[in-house]
Amino acid sequence: MAEKMAMAKAINESLRRALETDPKVLVMGEDVGKLGGVFRVTDGLQKDFGESRVIDTPLAESGIVGTAIGLALRGYRPVVEIQFDGFVFPAYDQIVTQLAKMHARSLGKVKMPVVIRIPYGGGIGAVEHHSESPEALFAHVAGLKVVSPSNASDAYWMMQQAIQSDDPVIYFEPKRRYWDKAEVDVEAIPAPLHKAQVVREGTDLTLAAYGPMVKLCREVADAATEEGKSLEVVDLRSVSPLDFDTVQASVEKTRRLVVVHEAPVFFGSGAEIAARITERCFYHLEAPVLRVGGYHAPYPPARLEEEYLPDLDRVLDAVDRSLAY
Amino acid sequence: MTVDSSAARKPRRSAAGKAGTTGDKTGTTGTKSGTAGNTSGATGTKRTTRTTRAAAKKSTEPELVQLLTPEGKRVKNAEYDAYVAGITPEDLRGLYRDMVLTRRFDAEATALQRQGELGLWASLLGQEAAQIGSGRATREDDYVFPTYREHGVAWCRGVDPTNLLGMFRGVNNGGWDPNSNNFHLYTIVIGSQTLHATGYAMGIAKDGADSAVIAYFGDGASSQGDVAESFTFSAVYNAPVVFFCQNNQWAISEPTEKQSRVPLYQRAQGFGFPGVRVDGNDVLACLAVTRWALERARTGEGPTLVEAYTYRMGAHTTSDDPTRYRGDDERAAWEAKDPILRLRRYLEASNHADEGFFAELEAESEALGKRVREAVRAMPDPDHFAIFENAYADGHALVDEERAQFAAYQATFATGSESGFAAGEGGH
């Protein structure tokens, strides 16, 4: 039953399936109903499932997450949409102090099956607060799980798994990949939610990335082939928990690692990966783990974002530096 | 008095009789909150008129629903009497008992903190009527979302008071199963729980159930965005939730004037639902008004804001020093309005309770104090591995890894090994 579909459509189909399968699943957020979301990810869901299942909310992010917590306490499984990455901060308090800690605080008596969908990342020429990558801020918080699919098939299946999880899952959607199409097999047996995948085999160096940067890393690997270099690409898929075993296995083979993400490098997920892989693979590494990502600066205006975001040349440059050790 | 949201909406039960019946009894909106920006009724002009200023001198009480005066006299109230019409002398003795035992529990906890047995305590001294009156208005299938001071409400919900002390002793962050008594865990971040209450109430409405939710918060929390957002959401979705604000006059050191230029109950009007101010030291009035608000919720009439006008007689918590920001005269004035004293006066004057009852209650009170003391001292420290327990429902690889490292490190002590560092670091 494989069908080629864009990532946005795959998420839509996945939400539809969840709404059909489980009457406790709700979709909530600003503009998710009639409009179908600003990216049309929830298109048509309210028409088919009604206003009590697909809920247009007031424009209040803390309210969206806070009431989703209450609905979860009542036995519902809300999937909430934060319209854009930079708008999640009004809800950050509810996510960090309440959603993340409710299970521990209740000594396990209360489950928090809430999914928070956040379209994130740059590259679409948007205005301020519409292109950020705050995943490290969430991965740092115990009690939250953080995932980011890189393709339509993962987007479909990871959404199913996130909704079925009894833990809160922050589901980062790489908005610049919404329109990329891929085969989605809705009857497949998917990989576990937090398992990384080697999406391209290689022998000289490992590129580790997630979400929007996986496609770039594949392109980097293609370009490197022309220069006679064999790069392996690992799609991490999940930032918390992070599948270090798969990265370790790859690095033990290639002996070099470059981590690529859009978020600022400083205190970012690349730093965590570099530290842990150095610990695990100290005697295998031929070069220090290198990172490519955003700068320690506010996300720039759209005319400058090509300079800010990792691109083919910046990643290739890191590859060269690693291979030069 | 009661702010009815809009005349254009369908008439609510007894909405017509509400305005004016209770409100004008005590004259004007009084002390703090009434002077600025009151736009309703007689004090609607920008500056307080001579007449109302004179009236205000006569009574420093702000207008509020009251069924029992501080002297213990029962006063009639056309609007709310109906909600306590069936109350028996036994019920009244029950309310008195609840308040006395709650106060005793609270005093014991404060003492235990002073003795170093608790790390912190948030006393409810003075707020017993607000909590017992509202708590006893709830039905078993209702759900309660407290702050961290609702010990009296917990008592009404059947939560063993000793369970409330675990978080203050530092052995857990909760200590009871919220679903056993429909009493959610204490929430320390100010106002967060009002949104959880609203979401829960939205779920009740979806389920087609007729239970209701009550969310507690304080005057300080009324400044929080989450409280405003919970008002918005509950109004928009007509959620069956009662917002019960205990205005105890002080948010740590900040008076209500630093939170609001209008009486807090009037906030509801702007969100499209009624708000009412009740004498928070009058257990009967709190019971009646909360019953009314819960009935509105159950019958699909949506949210209500109840402002219980009361006073925190003690400190904000045991870490606080109220002598730095308020005078003794203020407390003395409120002590004259003590919620327990006034019900006792009424019980005695109406011969609803005899000396035997009070003596028996005193003995029960002593026994409760002893039980609490012993329970706290016997409370075991949590197992070391509790650090990792319940961080996640479905597990997390990093937690598993760190738990294993921790176990290896701990094991070095168990075996008396001195190479703890190497063993701990080698755990992965």
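Just so we're clear, the structure is a prediction, and the values are computed from it rather than from any experiment.

## What to know about the overall build of chain A
Okay, so step 1: When its secondary structure is counted, chain A shows twelve helices and 14 strands.
Okay, so step 2: In summary, chain A has a C-alpha radius of gyration of 19 Å against a globular reference of 20 Å for 325 residues, a match within 12%.
Okay, so step 3: Its C-alpha atoms put chain A at 60 × 40 × 40 Å along the principal axes.
Okay, so step 4: In chain A, which comprises 325 residues, the share counted as buried stands at 62%.
Okay, so step 5: Counting only contacts in chain A whose residues sit at least 6 apart along the sequence, the fraction spanning at least 24 positions is 81%.
Okay, so step 6: A total accessible area of about 12,300 Å² is found for chain A, and carbon and sulfur atoms account for 53% of it.
Okay, so step 7: Positive and negative charge centroids in chain A, built from 36 and 47 side chains respectively, lie 5 Å apart.

## Observations concerning the nonpolar core
Okay, so step 1: Of all hydrophobic cores here, the largest spans 73 residues; its most connected members are A:Ile95, A:Ile116, A:Ile170, A:Leu236, A:Leu257, A:Ile277 and B:Val213.
Okay, so step 2: Looking at this core element by element, the count peaks at seven residues for helix α3 (residues 61-73) of chain A.
Okay, so step 3: Excluding residues within four positions of it along the chain, B:Val213 makes contact with B:Tyr143, B:Phe145, B:Ala197, B:Tyr200, B:Ala201, B:Ile204, B:Pro240, B:Val241, B:Val242 and B:Leu294.

## Considering the sheet that holds strand β12 (residues 238-240) of chain A
All names here are of chain A.
Okay, so step 1: Taking strand neighbours across the sheet as the criterion, the seven strands line up as β3-β2-β4-β5-β7-β6-β12 in an open arrangement whose pairing is mixed. Across the chains shown, the open sheet's two edge strands, defined by having one partner strand only, are β3 (54-56) and β12. In this sheet, adjacent strand axes meet at a mean angle of 20° when their direction is disregarded.
Okay, so step 2: Sheet topology places strand β6 (residues 145-147) next to strand β7 (residues 169-174); three bridges connect them, and they run parallel. Opposite Val 146, over in β7, you have Ile 170 as the bridge partner.

## Remarks on the environment of A:Pro298
Okay, so step 1: On the secondary structure map, A:Pro298 appears in the loop between β14 (290-294) and α11 (305-308).
Okay, so step 2: Measuring from C-alpha to C-alpha, the distance between A:Pro298 and A:Pro264 comes to 9.1 Å, with 34 residues separating the pair along the chain.

## What to know about the packing of aromatic side chains
All names here are of chain B.
Okay, so step 1: Evaluation of the coordinates by the stated rule reveals 40 aromatic pairs over all chains.
Okay, so step 2: With 5.1 Å between their ring centres and 80° between their planes, Phe 231 and Phe 271 make a pair best called edge-to-face. Here the residue Phe 231 occupies a position in helix α9 (residues 225-236), and Phe 271 occupies one in helix α10 (residues 267-271), the gap between them amounting to 40 residues.
Okay, so step 3: Among the residues examined, Phe 231 registers a relative accessible area of 4% and is labelled buried.
Okay, so step 4: Residue class for Phe 271 comes out partly exposed when judged on its relative accessible area of 28%.

## Considerations on helix α10 (residues 269-280) of chain A
Okay, so step 1: With twelve residues, α10(A) ought to run about 16 Å at 1.5 Å a step, and its terminal C-alpha atoms sit 17 Å apart, in line with that.
Okay, so step 2: Looking at α10(A), one finds that the buried residues are A:Ser269, A:Gly270, A:Ile273, A:Ala274, A:Arg276 and A:Ile277.
Okay, so step 3: Elements that come into contact with the buried residues of α10(A) comprise α6 (135-139), β12, α9 (244-254), β13 (257-264) and β14 of chain A together with α15 (397-414) of chain B.

## Comments concerning empty space enclosed by the protein
Residue and element names in this part refer to chain B.
Okay, so step 1: In the structure shown here, the tally under the stated rule is three cavities of 30 Å³ or more.
Okay, so step 2: What lines the largest cavity is Phe 217, Ser 222, Val 227, Phe 231, Cys 245, Leu 264, Arg 267 and Leu 305.
Okay, so step 3: Split by residue class, the lining of the largest cavity holds six nonpolar, one polar and one charged.

## Overview of the interface of chain A and chain B
Okay, so step 1: Between chain A and chain B, the contact holds 47 residues from the first and 43 residues from the second.
Okay, so step 2: Of the roughly 3,500 Å² buried between chain A and chain B, counting both surfaces, carbon and sulfur atoms make up 57%.
Okay, so step 3: The tally of links between chain A and chain B comes to five salt bridges.
Okay, so step 4: At the surface where chain A touches chain B, the tally comes to 22 residue pairs in polar contact (both at pLDDT 80 or more).
Okay, so step 5: Listed by contribution, the elements that provide at least two residues to the side of chain A that touches chain B are β3, α3, α4 (92-99), α5 (102-105) and α10 of chain A.
Okay, so step 6: For the side of chain A that touches chain B, the leading source of residues is α3(A), giving ten residues.

## What to know about the sheet that holds strand β6 (residues 275-279) of chain B
All names here are of chain B.
Okay, so step 1: Reading across the sheet, the five strands line up as β1-β2-β3-β7-β6 and stay open at both edges, with parallel pairing between neighbours. In this open sheet, the two edge strands, each paired with only one partner strand, are β1 (143-145) and β6. Within the sheet, the average angular offset between the axes of one strand and its neighbour, ignoring direction, is 20°.

## Quick notes on the confidence of the model for chain B
All names here are of chain B.
Okay, so step 1: With 82% of its residues at a pLDDT of 70 or more, chain B has an overall mean of 86.
Okay, so step 2: Confidence drops under pLDDT 50 across residues 1-60; counting only partners more than four residues distant or on other chains, this segment forms 96 contacts.
Okay, so step 3: Every residue in residues 419-428 scores below 50 in pLDDT, and together they form eleven contacts with partners more than four places removed in sequence or on other chains.
Okay, so step 4: In the predicted complex, the global pTM is 0.90; the interface-specific ipTM is 0.95.

## Focus on the side chain of A:Glu173
Residue and element names in this part refer to chain A.
Okay, so step 1: Within the secondary structure layout, Glu 173 lies in strand β7.
Okay, so step 2: For Glu 173, a relative accessible area of 0% corresponds to the buried category.
Okay, so step 3: Within the structure, Glu 173 has its side chain in polar contact with the side chain of Tyr 178 (distance 2.3 Å).
Okay, so step 4: Dropping the residues within four chain positions of it, Glu 173 is found in contact with Ile 11, Val 41, Arg 117, Ile 118, Pro 119, Tyr 120, Met 159 and Tyr 178.

## Description of the packing of helix α3 (residues 89-114) of chain B against helix α11 (residues 283-298) of chain B
All names here are of chain B.
Okay, so step 1: Where α3 meets α11, the closest approach of the two axes is 11 Å, and the angle between their N-to-C directions is 105°. Compared by their axis directions, α3 and α11 come out roughly perpendicular. Together, Leu 92, Leu 95 and Met 99 of α3 and Val 283, Leu 284 and Leu 287 of α11 make up the contact between the two elements.
Okay, so step 2: For the contact of α3 with α11, the residue count by class is six nonpolar, no polar and no charged.

## Examining the packing of α9(A) against α10(A)
All names here are of chain A.
Okay, so step 1: The contact between α9 and α10 brings their axes to 10 Å, and the two run at 60°. One element, α9, and the other, α10, form an angle in the oblique class. The crossing of α9 and α10 is right-handed. Across the interface between the two elements, Phe 244, Asp 245, Val 247, Gln 248 and Val 251 of α9 pack against Glu 272, Ile 273, Arg 276, Ile 277 and Arg 280 of α10.

## Let's talk about the pairing of strand β2 (residues 25-29) of chain A
The two faces of the sheet receive side chains in turn, since in a regular strand these alternate between them.
Residue and element names in this part refer to chain A.
Okay, so step 1: Among the five residues of β2, five are classified as buried, and the element is accordingly described as predominantly covered.
Okay, so step 2: Both faces of β2 are covered, namely the face carrying Val 25, Val 27 and Gly 29 and the face carrying Leu 26 and Met 28.
Okay, so step 3: Bridge analysis of β2 against strand β4 (residues 77-81) gives five bridges, and the strand direction is parallel. Its bridge partner lying in β4, Val 25 is registered against Arg 77.
Okay, so step 4: Pairing between β2 and β3: three bridges, direction parallel. Pairing of Met 28 across the sheet is with Ile 55, part of β3.

## Focus on the pattern of salt bridges
Okay, so step 1: Within the structure shown, the criterion is met by 47 salt bridges over all chains.
Okay, so step 2: B:Arg169 serves as the salt-bridge partner of B:Glu117, at 2.9 Å between the closest nitrogen and oxygen. Of this pair, B:Glu117 sits in the loop between α3 and α4 (128-137) while B:Arg169 sits in helix α6 (residues 166-169), and the two are 52 residues apart along the sequence.
Okay, so step 3: By relative accessible area, which is 23% here, B:Arg169 ends up partly exposed.
Okay, so step 4: Taken together, the shared-partner salt bridges connect A:Asp245, A:Glu272, A:Arg276, A:Arg280, B:Glu401 and B:Glu402 into one network.

About the criteria used
- Residues numbered from 1 in each chain as written.
- Chains lettered and ligands numbered in written order.
- Predicted model: local features only at pLDDT ≥ 70, side-chain atom pairs only at ≥ 80, totals over all residues.
- Heavy atoms only, no water.
- Helix = DSSP H or I, 4+ residues; strand = E, 2+ residues; numbered from the N terminus.
- Rg over C-alpha atoms; globule rule 2.2 N^0.38 Å.
- Buried < 20%, exposed > 50% of the residue type's maximum accessible area, 1.4 Å probe, protein only.
- Contact = heavy atoms within 4.5 Å.
- Areas by Shrake-Rupley, 256 points an atom, 1.4 Å probe, with all protein chains shown as cover.
- Lys, Arg positive; Asp, Glu negative; His and termini not counted.
- Charge placed at Lys NZ, Arg CZ, Asp CG, Glu CD.
- Core = buried A, V, L, I, M, F, W, Y, C linked by side-chain atoms within 4.5 Å.
- Pairing = 2+ DSSP bridges.
- Axes fitted to C-alpha atoms, helices over the stretch in contact; angles between N-to-C directions.
- Phe/Tyr/Trp six-rings, centres within 6.5 Å; stacked < 30°, edge-to-face > 60°.
- Expected span 1.5 Å × (residues − 1).
- 1 Å grid on protein atoms, 1.4 Å probe; cavity = no way out; pocket = protein on both sides within 12 Å on 5 of 7 lines; lining within 4 Å.
- Points joined across faces, edges and corners; volume = space filled by probe spheres on them.
- Nonpolar A, V, L, I, M, F, W, Y, C, P; charged D, E, K, R; others polar.
- Buried area = accessible area lost by both parts, 1.4 Å probe.
- Salt bridge = Lys/Arg side-chain N within 4 Å of Asp/Glu carboxyl O.
- Polar contact = N/O pair within 3.5 Å; in protein donor to acceptor, adjacent residues only side chain to side chain.
- pLDDT = per-residue confidence, 0-100.
- Parallel < 35°, antiparallel > 145°, perpendicular 65-115°, else oblique.
- Left-handed = near helix turned anticlockwise from the far one by under 90°.

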